[in-house]
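# Structural features, examined
Each chain, written out:
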Amino acid sequence: MGMQVGGRGRMLADVNVTPFVDVMLVLLIIFMVTAPMMTQGLQVDLPQTRAVSALPKESDSVVLTVKADGALFLDKYQVELGDLEGQVRQLVTNQKKQLFLRADKAVPYGTVVAVMGVVKSAGVDKLGVVAEEEKPAAPAKRPS
């Protein structure tokens, strides 16, 4: 087991590493299982292009539109990027309304991210993204 008697009357000591290896394998398995659960990501509600639901018509939602030229509109009223945080805080956060973002597909990604950052700093936790329903592709015509 742990010690053996040598041929000349002296004791030989061996370290039994089997329990150590067993413990290390159990720890490795525990870390492999729990590591993916430890990573925290952002919760993002991605828009579905095939099954798009309509925007709510009630007055408890506000639509923030970013046009192709970069102009910002809260519902029908144009706002500047510098004034956006105060307007969103007044119209959305304080009145507990939902905010939806409509951005033209020609708007650069950096502009959309900047607008989303301003909206987040205004206290909006959930931001809906508006997309259009995907149109079915026309069948390809075969040359005659």
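Residues numbered from 1 in each chain as written. Predicted model: local features only at pLDDT ≥ 70, side-chain atom pairs only at ≥ 80, totals over all residues. Heavy atoms only, no water.

## Details of helix α2 (residues 81-93)
- The end-to-end C-alpha separation of α2 is 17 Å, in line with the 18 Å expected for 13 residues at 1.5 Å each.
- Every buried residue belonging to α2 is among Leu84, Val88 and Val92, and all of these are buried.
- Here the buried face of α2 lies against β3 (61-66), β4 (72-74), β5 (77-79), β6 (98-103) and α3 (109-121). (Helix = DSSP H or I, 4+ residues; strand = E, 2+ residues; numbered from the N terminus. Expected span 1.5 Å × (residues − 1). Buried < 20%, exposed > 50% of the residue type's maximum accessible area, 1.4 Å probe, protein only. Contact = heavy atoms within 4.5 Å.)

## Regarding the sheet that holds β6
- Taken together, the five strands give an open sheet; going across it, the order is β5-β4-β3-β6-β7, and neighbouring strands pair in mixed fashion. The two strands at the open ends of the sheet, each matched to only one other strand, are β5 and β7 (127-129). Neighbour-to-neighbour, the strand axes of the sheet open up by a mean angle of 30°, direction not taken into account.
- Judged from the six bridges that link them, β3 and β6 form a sheet pairing that is parallel. When the bridges of β6 are listed, Ser61 appears paired with Gln98.
- Its contacts with the sheet place α2 against β3, β4, β5 and β6, and it is angled at close to 15° to β4.
- Contacts from α3 reach β3, β4, β6 and β7, with the element oriented near 165° to β6. (Pairing = 2+ DSSP bridges. Axes fitted to C-alpha atoms, helices over the stretch in contact; angles between N-to-C directions.)

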